[in-house]
Amino acid sequence: MADSAHSRVIFEVQNILGKSVEMAEANFGWLQTRMHPYFFSCNSEDVEAVSVLAADLHLLERNRRFILADNDRNLIIAQLGVPGAVHDALRSLPEKSISYAQIHTSYGNVPKTGYPLEVLEFSFDNGTGPLQTAAAAGEVPGDLVLAVQVEARARYQDFPVDEVSPLLRLLWQNNPKYVRTSPPVRIARLLRLFSRCRSLGGISLAVEQGKGIGRPESRLLFGVANPPDRRYLLQIIDAFRRLRLTVQRSYCLTVHDGDYPYFLATFYVTTEDGGLIAEDSTLFQQLRAEMYTTQVMPMTSLTYDQMIANGMVGGPDGSLIRAFIGFCHTNLAHTHPDSYDLEGVARAFHNHPEITLQLVRLFHARFDPEADADGYPAVLAETTGLVENFNTGRRFLDEFRRTIFRCGLLLVSHTLKTNFFIAEKRALAFRLDPAYLEALGSDFTNDLPADRPFRVTYFSSRYGAAYHIGFSDIARGGWRTVITQGRDDYVTAANSLFRETYVLAHTQHLKNKDIYEGGSKLVAVLEADEGLDGGRLRQQLHFLQYGLLSGFLDLFVTRDGRAADPRIVDYYGEDEPIELGPDENMHDQMIELVAREAERRGYILGAGIMSSKRVGINHKEYGVTSTGVVRFAEVCMATVGIDMARDPFRVIFTGGPNGDVAGNCMNILLNRCANVAIPLIVDGTAAVHDPQGVDHAALRNILLKDDLAAFDPAALHVGGFMLYRGVTRRQGMQELFRKVLQTPEGLVESWIVNDEFYKEYNDLIFRVPTDLFIPAGGRPETVDGSNWRRFFDESGAPRCRVIVEGANSFITPEARKQLQQRGVILMRDASANKCGVISSSYEIIANLMLSDEEFLAHKEEYVVDVLTILEKRAGEEARVILARHREAGGAQLYTEITAEISAEINSCYARLFAYFQAHPEVGDRSLYRRAILDHLPAMLAREGSPFRERVDRLPAKIRSAILAGEIASSLVYHADRDQAFLESVEGHLRRQQNLNHDSEMDQIGVQRVGIR
């Protein structure tokens, strides 16, 4: 029996093998007539895979797919083109970065199946990146370069031929196989797409007529700089499916230019009825919107699954709903993080599509440039009624969700302009009237400073969210990005995003009192994928920041006061000069890019949008922030009888020798103060405690070059020691930290357990006696209500006499209050470290009045003038604070006086700015023009300067702001308040008496007329 079965199997196998050659030939003949010629040319180096396909094609009668090649670098699949097959195949791909993908669909069904053949090929990045060195790739064949140039010249008049060679070299280095297997016309087409993508801000979509077998096809050319993630191709195929487009062929590759990757794709598609896509058609506009929305809408979003994938809304409106959710979450969660969690807010929108879609409809009625604006009030009334009457019979849940929908309604009604209807947007941006905060209610604003901002701008990006908040029309402040990895990390940061931005902007506004710009802040939260390597993390950071920049410029690039892009409905209608500065996770490359993009797009400030550029004043190089910190210290120390230039004194630091503020403060003190002793320095890498003061020469060796861990412990005096935070080893389950102690016999190394290390490391700033403490680094709120008492000894005497805050928010408001009430002189961050922002302001003035070449030629002179101004401004405020403290008999805290000075200057500035805006002719009078010149560095303002007359180049709004700022600050710093009050009263009385005199003369005239 067994022998019989064995024989039968052998016979059947032999029979099948006998027929296989004949079947393979038939299959191959079918492939030749049904597959596009490009299928064969593209696979000219994968002949074995094509042979397997020819041999086994008939197996698709029983099996829907089989593998043609599968290894670490390549995967080739043959499958039946049943509905959704490509989508399912893309979903099942391994978690690898795709460097190349091609899809070929047959022109006709596989025999006996009723479905076409689909052949999918994927090449994966090997982990080292696709870009080879030029040497490894070799040279591009010269005849190929010439052939591609000929095709480019013949077909694309807008593609400069001189770009062909360098772009082809990049393509060759990335994917030589693509170049080898492609005809010149195909290469020329791809290079033009590459060029357009680079020149058009990183995204391009075009349609041409292609040629299939026996029918025309639409050729879609789509390019994106820094593409989102591994599932990006799946998201694009999803968009085609929603628009009922059939993809016949596609070729997608990633080309890396050395900085960032580019996704370059060609899709051959037909419409549902087999037609073409015209560039001026409604379908193409819908396609464009969907393709570009992939830049702002991730497939991982719940909104994608709940509202886009099921066809309830398209991609663009889905991205808007996601923005609604983000806005409501960030505005409600900072006071109630447990109640208004992100998922809970999302469920409100997803579970009640009737409300959600009505809010979308209202948004379109208000902002669609083609909508009838007269229809908005009726839709607003309808939407408001729907929200207020929302009732599912669950009272508490209904009130919770009604609050969320009211917040969404406020986003629509208080937005003054948005870039939503700009198809090529890289992030959604909404410029709001901050009056919405009052409508939101005190329950959601009671944790914010009482002052209300001038503007609030909200951004929603594929990789996170951001706010820009400004407290003045013309405002400046830093741009920081908080990096999170993982959903929980992101939600935690997003919970407090709005409050963090608000508080930082408000603090900046207090700090900016000496310049013409009010305070602002841009804070973004990056939701990076978990487990990314450093390179991919940088790409996602760049993607987020470039998208936010693009959205920012969409809104704030204006012509004659109105948004320059006609697709923006602008309810504000004024120029808004906003300046940015680098902050956390803002790298040099992005700083320069921000400036270039602003200039390219015609922003009112041009490159002046960003400070700390190459053509600018580098804060660390010139120590601008530290200049003010040290000047504050000098004035304060003088009040306790210490002349820092001559007398011995002790100073301790948080922040390392390589940090901008700490390092430059140390450098200035070592240069100015021969008798300074620095017994303690603590940074993120180490702590050095030397009771006699660290050796000056050893400190200079690492100053502004290395972190504290690089300090030579051999230079310690006896009794001094170092704790190394980054040097550890394991002993069983315990992590041990290195400690080095200087003894009379020499250095002694020990290893201490985690608890002991951090107890000693964190305690040092409290127990080392000092005259001066400069916190110039470290985490915010390090000193708070729980530990401030440790600055005092057993008798209640302070271990530190003067604190000058070089770092922001190192000490909490409560701790500041307690320290001052017990005799410590404390100068808070808004005063002490203000000189960094003052320097940035003067950098922007230079950008507005000088060319790059002129600035670089005169840079050293200009910087010296700015440093002189910084010393002056810091000294002025320090003296006023101390004088007012004395006048109050110590009853008013130093920090209260700081806030009072800021409020006085800012209030006076606001009144003056409004006046000069309303009466611009006043600024042309010689007295006021002199005030503008007084504000400028001497190089620009002195008599005979070739730049003096360029004041007129400044935008009128900037001139008004400079004038208001200079007068306001000088009134507070230099005016005698009693004398100024008396002069104001006397001026009023003179005006009143003149008015009475004129009235009496009028009465006399009337009487005389009567006599006649």
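Keep in mind it's a predicted model, so treat the numbers as computed, not measured.

Draft legend 1. Looking closely at the packing of helix H13 (residues 315-332) against helix H15 (residues 353-367). Between H13 and H15, whose axes approach to 11 Å, the crossing angle comes to 105°. Accordingly, the angle class assigned to the pair H13 and H15 is roughly perpendicular. For the pair formed by H13 and H15, the contact residues are Asp317, Leu320, Ile321 and Phe324 on the first element and Thr356, Leu359, Val360, Phe363 and His364 on the second. Residues that form the contact of H13 with H15 fall into these classes: six nonpolar, two polar and one charged.

Draft legend 2. View of the sheet that holds strand E26 (residues 825-827). Spatial strand order, E23-E22-E21-E20-E19-E18-E24-E25-E26: nine strands in an open sheet with mixed pairing. Of all the strands in the sheet, just strand E23 (746-753) and E26 have a single pairing partner and so form its edges. With strand direction ignored, the average angle separating the axes of adjacent strands in the sheet is 25°. Of the strand pairs in this sheet, strand E24 (residues 770-775) and strand E25 (residues 800-804) are connected by three bridges, and their pairing is parallel. When the bridges of E25 are listed, leucine 772 appears paired with valine 802. Against the sheet, helix H27 (residues 754-767) contacts strand E18 (649-654), strand E19 (676-682), strand E20 (686-689), strand E21 (721-731), strand E22 (734-743), E23 and E24, and its axis sits at roughly 165° relative to E21.

Draft legend 3. Region of interest: the sheet that holds strand E9 (residues 415-418). Ordered in space as E9-E10-E11-E12-E14-E13-E17, the seven strands form an open sheet in which the pairing is mixed. Taken across any chain shown, the strands that pair with only one partner, and hence form the sheet edges, are E9 and strand E17 (578-582). Looking at each pair of strands side by side, their axes are set apart by 20° on average, direction ignored. Across three bridges, E9 lies against strand E10 (residues 428-432) in antiparallel orientation.

Draft legend 4. A look at unusual backbone geometry. One non-glycine residue, aspartate 560, lies in the positive phi region at around 55°. Tracing the sequence through the fold places aspartate 560 in the loop between strand E15 (558-559) and strand E16 (562-563). Notably, glutamate 781 is not glycine yet its phi reads approximately 60°, a positive angle. Here glutamate 781 shows up in the loop between E24 and E25. Of the residues examined, glutamate 781 reaches a relative accessible area of 52% and is grouped as exposed.

Draft legend 5. Up close: the pairing of E17. Most of E17 sits inside the fold, with four of its five residues counted as buried. For strand E13 (residues 475-485) and E17, the ladder comprises five bridges, and the chain directions are parallel. Following the sheet pairing, alanine 475 is matched in E17 by isoleucine 578.

Draft legend 6. Inspection of the state of the cysteines at higher detail. With the rule as written, the count across this model stands at zero disulfides. Here cysteine 197 is not cross-linked by a disulfide; its sulfur's nearest cysteine counterpart is in cysteine 252, at 13 Å. Accessibility expressed as a relative area gives 0% for cysteine 197, which makes it buried.

Draft legend 7. Molecular detail of the side chain of aspartate 46. Structurally, aspartate 46 is set in the loop between helix H2 (37-42) and helix H3 (47-56). Non-local contacts of aspartate 46, meaning those with residues more than four positions away in its chain, are made with Ile76, Glu121 and Lys177.

Draft legend 8. Expanded view of a negative patch on the surface. Side chains of Asp488, Asp489, Asp529 and Glu530 sit close together on the surface and give a patch of like negative charge. Classification of aspartate 489 by relative accessible area gives partly exposed; the value is 37%.

Draft legend 9. Structural detail: the pattern of salt bridges. Scanning the entire structure with this criterion turns up 68 salt bridges. A salt bridge links glutamate 121 to lysine 177, with the nearest nitrogen and oxygen atoms 3.3 Å apart. Residue glutamate 121 is located in strand E4 (residues 116-124), and its partner lysine 177 is located in helix H8 (residues 176-180); the two are separated by 56 residues in the primary sequence. For glutamate 634, the salt bridge identified is with arginine 672, shortest N-O distance 2.9 Å. Separated by 38 residues along the polypeptide, glutamate 634 in helix H24 (residues 624-639) and arginine 672 in helix H25 (residues 660-672) bring together distant segments of the chain. By relative accessible area, glutamate 634 is classed as buried at 18%. The structure contains a network of salt bridges with shared partners spanning Lys417, Arg431, Arg455, Asp473, Asp570, Glu574, Glu576 and Lys957.

Draft legend 10. Layout of the packing of aromatic side chains. Within this structure, the stated rule accounts for 44 aromatic pairs. Taken together, a centroid distance of 6.4 Å and an interplanar angle of 20° make the contact between phenylalanine 363 and phenylalanine 421 stacked. On the criterion of sequence distance, the pair formed by phenylalanine 363 in helix H15 and phenylalanine 421 in the loop between E9 and E10 is long-range, its members being 58 residues apart. Phenylalanine 421 carries the same exposure label as phenylalanine 363, and that label is buried. Judged by centre distance (5.0 Å) and plane angle (80°), the ring pair of tyrosine 467 and phenylalanine 498 falls under edge-to-face. Pair noted here: tyrosine 467 is in strand E12 (residues 464-470) and phenylalanine 498 is in helix H20 (residues 497-511), with a separation of 31 residues, a long-range link. With relative accessibility at 0%, the residue tyrosine 467 sits in the buried group.

Draft legend 11. Representation of the nonpolar core within the structure. Residues Tyr603, Phe649, Phe711, Leu772 and Tyr862 are the most contacted members of the largest nonpolar core, which totals 140 residues. What phenylalanine 711 contacts, discounting residues up to four positions off in sequence, is Val688, Val694, Asp695, Ala698, Leu699, Ile702, Leu716, Met722 and Tyr724. Listed in part, the 103 residues of the second largest apolar core include Leu243, Leu320, Ile325 and Tyr376.

Draft legend 12. A look at the pairing of strand E2 (residues 74-80). Of all the seven residues making up E2, six are buried; the element is thus mostly covered by neighbouring parts of the structure. Where strand E1 (residues 65-70) and E2 come together, five bridges link them in antiparallel fashion. In the strand pairing of E2, isoleucine 67 is matched with isoleucine 77. With antiparallel pairing between neighbouring strands as the criterion, E1 and E2 make up a hairpin whose turn holds three residues. Where E2 lies against E4, seven bridges are found, and the strand directions are antiparallel. Of the residues in E4, the one forming a bridge with leucine 80 is leucine 117.

Draft legend 13. View of the domain arrangement of the protein chain. With domains assigned, the protein chain is organised as domain 1 (29-302), domain 2 (303-608), domain 3 (625-838) and domain 4 (892-990). Placing a centre on the C-alpha atoms of domain 2 and another on those of domain 3 gives a separation of 39 Å. The interface is formed by nine residues belonging to domain 2 together with nine residues belonging to domain 3. Approximately 770 Å² of surface area, both sides summed, lies buried where domain 2 meets domain 3, with 56% of it carried by carbon and sulfur atoms. Put simply, domain 2 and domain 3 have one salt bridge between them. Linking lysine 834 and aspartate 514 is a salt bridge whose minimum nitrogen-to-oxygen distance equals 2.5 Å. Applying the counting criterion to the domain 2 and domain 3 interface returns four residue pairs in polar contact (both at pLDDT 80 or more).

Draft legend 14. Highlighting the side chain of serine 182. Its location among the elements puts serine 182 in the loop between H8 and helix H9 (184-199). Judged by its relative accessible area of 8%, serine 182 is buried. A distance of 2.6 Å separates a polar atom in the side chain of serine 182 from the backbone oxygen of tyrosine 178.

So, how was this worked out
- Residues numbered from 1 in each chain as written.
- Predicted model: local features only at pLDDT ≥ 70, side-chain atom pairs only at ≥ 80, totals over all residues.
- Heavy atoms only, no water.
- Axes fitted to C-alpha atoms, helices over the stretch in contact; angles between N-to-C directions.
- Helix = DSSP H or I, 4+ residues; strand = E, 2+ residues; numbered from the N terminus.
- Parallel < 35°, antiparallel > 145°, perpendicular 65-115°, else oblique.
- Contact = heavy atoms within 4.5 Å.
- Nonpolar A, V, L, I, M, F, W, Y, C, P; charged D, E, K, R; others polar.
- Pairing = 2+ DSSP bridges.
- Buried < 20%, exposed > 50% of the residue type's maximum accessible area, 1.4 Å probe, protein only.
- Disulfide = S-S within 2.5 Å.
- Patch = residues over 30% accessible without salt bridge, like charges linked within 9 Å, V, L, I, M, F, W, Y side chains within 5 Å.
- Areas by Shrake-Rupley, 256 points an atom, 1.4 Å probe, with all protein chains shown as cover.
- Salt bridge = Lys/Arg side-chain N within 4 Å of Asp/Glu carboxyl O.
- Lys, Arg positive; Asp, Glu negative; His and termini not counted.
- Charge placed at Lys NZ, Arg CZ, Asp CG, Glu CD.
- Phe/Tyr/Trp six-rings, centres within 6.5 Å; stacked < 30°, edge-to-face > 60°.
- Core = buried A, V, L, I, M, F, W, Y, C linked by side-chain atoms within 4.5 Å.
- Domains from an automatic or database assignment.
- Buried area = accessible area lost by both parts, 1.4 Å probe.
- Polar contact = N/O pair within 3.5 Å; in protein donor to acceptor, adjacent residues only side chain to side chain.

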